[in-house]
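Structural features, examined
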Amino acid sequence: MRIVNSRESVIELTRMNPFGRFPDGRPRVPEEFIKRMKTVTTEEAWGVLRKQGYGLHLQFEGKWFQTHPDRVLVGRAVTAMMVPKRPDLNDLVEEAGREQGCVGGQNSWVIDVLQPGDVMVVDLFGKLKNGTFLGDNSPRPCVHVQGLEQ
């Protein structure tokens, strides 16, 4: 079981990337591009994607809420899934993670790959009670959400 996609898989999945890459294979979207995106509306971004023929109009997630309505959230998405804890799956994931060099809690594994300008997106499977992903008591320097700078 792979905890994190291999460099080769990331490159294959993002083969249309016109930019350089981070060592793990993720597209290295230039900082100036991210800054320019802060002025683009959602409709403008969707318009470009539709015009280019991307099938993203078939994907939708509702019930979003803004935690900081006065800020624009822009950055490279780093995605993760946190399945509600099941002892059998949790033990398997822990073992696989340790074998692949992961340290700390499972939530820290994705935090450890964040680069400046990244935005972490986590699917918690709708879990609300005890469903937090990170808090403010971690000693890790990258725990704050990247990309929220104004």
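Residues numbered from 1 in each chain as written. Predicted model: local features only at pLDDT ≥ 70, side-chain atom pairs only at ≥ 80, totals over all residues. Heavy atoms only, no water.

**Thoughts on the nonpolar core**
Residues V78, A80, V110, I111, L114, M120 and F133 constitute the largest nonpolar core, which totals 7 residues. Not counting residues up to four positions away in its chain, the partners in contact with V110 are V78, T79, A80, M120 and F133. (Core = buried A, V, L, I, M, F, W, Y, C linked by side-chain atoms within 4.5 Å. Buried < 20%, exposed > 50% of the residue type's maximum accessible area, 1.4 Å probe, protein only. Contact = heavy atoms within 4.5 Å.)

**Comments concerning the packing of aromatic side chains**
Applying the stated criterion to the full structure yields 1 aromatic pair. Ring geometry for F19 against F33: centres 5.7 Å apart, planes inclined by 55°, an arrangement best described as tilted. Linking F19 in the loop between α1 (7-13) and β1 (20-21) with F33 in helix α2 (residues 31-37), this pair joins segments that are 14 residues apart in sequence. Look at F33 and you get partly exposed, because its relative accessible area is 31%. (Phe/Tyr/Trp six-rings, centres within 6.5 Å; stacked < 30°, edge-to-face > 60°. Helix = DSSP H or I, 4+ residues; strand = E, 2+ residues; numbered from the N terminus.)

**Some details on the pattern of salt bridges**
Counting across every chain of the model gives 6 salt bridges. Note that D118 and R26 form a salt bridge whose closest N and O atoms lie 3.0 Å from each other. Remark: R26 occurs in the loop between β1 and β2 (27-28) and D118 occurs in strand β4 (residues 118-123); sequence separation between them is 92 residues. Given the relative accessible area of 0%, D118 is considered buried. Between R86 and D88 there is a salt bridge whose closest N-O contact spans 3.0 Å. Judged by its relative accessible area of 43%, R86 is partly exposed. Overlapping salt bridges bring together D24, R26, E31, R76 and D118 as one network. (Salt bridge = Lys/Arg side-chain N within 4 Å of Asp/Glu carboxyl O.)

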